[in-house]
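Here is what each chain is made of, one letter per residue.
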Amino acid sequence: MKEKFTTLISTAVPLSIENIDTDQIIPARFLKATTREGFGNNLFRDWRYDAAENPKASFVLNDNRYSGKILVAGKNFGCGSSREHAAWALYDYGFRVIISSFFADIFKNNALNNALLPIQVSDAFLLEIFNKIESDPNTSITIDLENQKVSIGHSSEHFDINAYKKTCLINGYDDIDYLLDLRPEIKKFDLLHK
Amino acid sequence: MTKAKTLFEKIWDAHVVKRQEGHPDALFIDRHFIHEVTSPQAFDGLRKRGIGVFNTARTSATADHNVPTKDQHLPIKEALSRHQVETLRKNCEAFGIELYDLGHPFQGIVHIIGPELGLTQPGMTIVCGDSHTSTHGAFGNIAFGIGTSEVEQVLATQCVLQHKPKTMKIEINGSLGKGVLAKDIILYIIAKLSASGATGYFIEYAGSTIESLSMEARMTICNMSIEMGARGGLIAPDETTFNYMRGRKFAPQGEDFERKVEDWRKLKTDDGAAYDLIVKFDAADIAPMITYGTNPGMGIKITDRIPNTRELKEIGEYASFNKSLEYMGLEGGSSILGKAIDYVFIGSCTNARMEDLRLVADMVKGKKKAEHVEVWIVPGSKQVEEQARKEGLDKIFEAAGFELRSPGCSACLGMNEDKVPAGKYCISTSNRNFEGRQGPKSRTFLASPLSAAAAAITGKVTDVRDLMDT
């Protein structure tokens, strides 16, 4: 059973860079753990800390003005490696929603499998969100999963999510429960496909 | 009459165990590969649920990401890496999975050993917790990378829940110019389509240029499908495929094999089948390629200038583009030819097969590397390493000042001991030039094995065709 997701109201952290790959989200040298926990400490490690392990003031996660459970990022977020550690790191750090104008496929699946909601918005709405939170970091964003709506101030936009995945998130189910129920049918299939 | 289908659709539809309205398809997986990095949490999941592996015969394991490429007979020095490899060993033993561990004659990079052992076959569905699983598509199958939760699904049920992607055909016709390899073809395509241009699609590569390629070259192309966002890419199997497979360890043998070939010959896209997108390129337009930025879409012909911001299509790209060039220490508008390099890495699941090593050996035979350059040649598998030594390539490399190491992912991903130091330039035959990919602050130029070999000799980014003239 995963954490259930219905509505979220939170301030957000803006990271207006495009093509953020999973090597930036969690560099390979931190993938050596054999559990799912603790990856948040190394989230965006090489952007967050300098070679002497001191926080880089210029990076948004080290900027005290910004905080919250929502990360807003440039297009093609999560491209590259299939490492699920990227989703674990974002979740472990405290993020529950990522907003971008485009997500890489494998990352999107990995996020949804870990109660981390990727929300794809239009380029124009993404720009509006960036502008609003940058001009007032206390601006909150509302995510209404039931009605598939993301709102900031007086603006809002509908977002798409597969009906099945939505049910999973709202109820805290995961895919494996669904597949385990299919095992008798899978067994037959397996025998026929030697 | 049945609907005309693409090869992708035929294989996909033949593997759907359950299709339910509003749900992703439950897709049966014929072959599952695992390695030490993305599997431990999946095995833990099985333990928590108190279940075993659904069909152990369909999963094979190897250790590749974390392994050292020198002194592999000694214990791994780094404690966390050693622990991860030991955890894989324990999990495989506890759950009854075949493991090609360090020291085993079949050990190697997971995407190199699958095809080499004949585990990878046409018409299959293949997954692995690694995005470069797309490599296997070269044999005419559906192969794609998955996350660890999905690895757990496959171990527990031999299925994954997946939405059927859209289909794209990339057709390339004509003959390739001098010095142009499969790596140049795929870097060219990615430069044209961008690092996200194929997201949501599954690609079929076709056309006379593709048909003329060896299996090794086809694997290089399919391998990098993910670098433009595609889940995978496949190529219809043909005589080249069957000839490569005949006699491989786990391929069907003798008459069984010939019977299988008859089935595999039917694995083609039907006439009149519709793709969601078709893109065509002319092989004559492809030249030796190189990347200058921090995603694989930032590639140019090696003789071209690096673009400047004025040439970008969207204003939104400015910040990311400038950040990229700043990271690389390069100037927009300047030439990349002649740029001094410090390291050469010939290896990875993209370019570490016998064909790659032979090409490099041919190019460097009787030559010597530039003094300031360090050159690592990392074979993709133990079998490749053995074969290279048998053919005497190790002697050629040694005479040129190159080091032939032992198999592993090595400097492709900065996870093991092989890292490029901060600020240094590496011309690499691997697949990703992301910031820090080859080690913190390392700078990567992606190129073909020939271009990498040429740079090793001259010590700078070089048009390989200039060396071929001499």
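Residues numbered from 1 in each chain as written. Chains lettered and ligands numbered in written order. Predicted model: local features only at pLDDT ≥ 70, side-chain atom pairs only at ≥ 80, totals over all residues. Heavy atoms only, no water.

J.: Whenever I open this one, the pairing of strand 1 (residues 7–10) of chain A confuses me. Can you help?
T.: Within a regular strand, side chains alternate between the sheet's two faces. Residue and element names in this part refer to chain A. Judged by which residues are buried, strand 1 turns out to be one-sided: L8 and S10 face inward and are buried, whereas T7 and I9, on the alternate face, are not. In this structure, strand 1 lies alongside strand 6 (residues 141–144), joined through 4 bridges in antiparallel fashion. Paired with S10 across the strands is I141, a residue of strand 6. (Buried < 20%, exposed > 50% of the residue type's maximum accessible area, 1.4 Å probe, protein only. Helix = DSSP H or I, 4+ residues; strand = E, 2+ residues; numbered from the N terminus. Pairing = 2+ DSSP bridges.)

J.: When you look at the interface of chain B and chain A in this model, what are you seeing that I'm missing?
T.: A common way to express how large an interface is: the accessible area buried when the components associate. Between chain B and chain A, the contact holds 70 residues from the first and 54 residues from the second. Together chain B and chain A conceal approximately 5,100 Å² of surface at their shared face, both sides included; 55% is due to carbon and sulfur atoms. When the area that chain B buries against chain A is broken down by residue, the three leading residues are Q41, F54 and L161 of chain B, summing to 12%. When the shortest N-O distance is used, the salt bridge between E78 of chain B and K32 of chain A registers 2.8 Å. Of all the secondary structure elements, the ones that give two or more residues to the side of chain B that touches chain A are strand 1 (16–18), strand 2 (25–28), helix 2 (40–49), helix 3 (79–95), helix 5 (148–157), strand 8 (159–162) and helix 11 (318–328) of chain B. Counting residues per element, the side of chain B that touches chain A draws most heavily on helix 5 of chain B, which supplies 7 residues. Of the residues in the side of chain B that touches chain A, the class split is 22 nonpolar, 31 polar and 17 charged. (Contact = heavy atoms within 4.5 Å. Buried area = accessible area lost by both parts, 1.4 Å probe. Salt bridge = Lys/Arg side-chain N within 4 Å of Asp/Glu carboxyl O. Nonpolar A, V, L, I, M, F, W, Y, C, P; charged D, E, K, R; others polar.)

J.: I keep staring at helix 5 of chain B and nothing clicks. Help me out?
T.: Every α-helix carries 3.6 residues per turn, so stepping three or four residues along brings you back to the same face. Residues and elements named next belong to chain B. Burial runs high along helix 5: 10 of the 10 residues are buried. Taken together, the buried positions of helix 5 are T148, S149, E150, V151, E152, Q153, V154, L155, A156 and T157. Positioned one or two residues after helix 5, Q158 has a phi angle of 60°, which is positive.

J.: Is there a simple way to explain the packing of helix 3 (residues 85–93) of chain A against helix 4 (residues 105–112) of chain A in this structure?
T.: Two numbers describe a pair of packed helices, the interaxial angle and the distance between the axes. All names here are of chain A. Here helix 3 crosses helix 4 at 50°, and the two axes come no closer than 8 Å. Classed by the angle they form, the pair helix 3 and helix 4 counts as oblique. Once helix 3 is placed against helix 4, the crossing between them reads as right-handed. On the side of helix 3, the interface is formed by A86, A87 and L90, while helix 4 contributes F107, N110 and A111. Per-class residue counts for the contact of helix 3 with helix 4 are 5 nonpolar, 1 polar and no charged. (Axes fitted to C-alpha atoms, helices over the stretch in contact; angles between N-to-C directions. Parallel < 35°, antiparallel > 145°, perpendicular 65-115°, else oblique. Left-handed = near helix turned anticlockwise from the far one by under 90°.)

J.: Whenever I open this one, the nonpolar core confuses me. Can you help?
T.: In summary, soluble globular proteins display a tendency toward joint burial of nonpolar side chains. Residues and elements named next belong to chain B. Judged by nonpolar contacts, the single largest core of 80 residues is most densely connected at I97, I170, I172, I189, Y205 and M228. The dominant element in this core, judged by the number of residues it contributes, is helix 6 (residues 182–193), at 8 residues. If we skip the residues at most four places from it in the chain, I170 touches I189, L193, I203, E204, Y205, A206, M228, V279 and F281. Membership of the second largest hydrophobic core comes to 49 residues, among which are Y292, L393, F397 and L450. (Core = buried A, V, L, I, M, F, W, Y, C linked by side-chain atoms within 4.5 Å.)

J.: Mind showing me how you'd approach the domain arrangement of chain B here?
T.: Residue and element names in this part refer to chain B. When its domains are assigned, chain B resolves into domain 1 (7–278) and domain 2 (291–467). On a C-alpha basis, the centroid separation for the pair domain 1 and domain 2 is 24 Å. Taken together, the contacts link 44 residues of domain 1 with 45 residues of domain 2. When domain 1 packs against domain 2, close to 3,500 Å² is buried across both sides, 58% of that on carbon and sulfur atoms. Among the residues domain 1 hides against domain 2, the three largest losses belong to T69, I109 and K183. Together they make up 18% of the total. The tally of links from domain 1 across to domain 2 stands at 2 salt bridges. For the salt bridge of E227 with R432, the shortest nitrogen-to-oxygen distance reads 3.1 Å. Our count for the domain 1 to domain 2 interface comes out at 21 residue pairs in polar contact (both at pLDDT 80 or more). The set of elements that each furnish at least two residues to the side of domain 1 that touches domain 2 consists of helix 3, helix 4 (110–116), helix 6 and helix 8 (215–223). Across the side of domain 1 that touches domain 2, the residue classes tally to 18 nonpolar, 17 polar and 9 charged. (Domains from an automatic or database assignment. Polar contact = N/O pair within 3.5 Å; in protein donor to acceptor, adjacent residues only side chain to side chain.)

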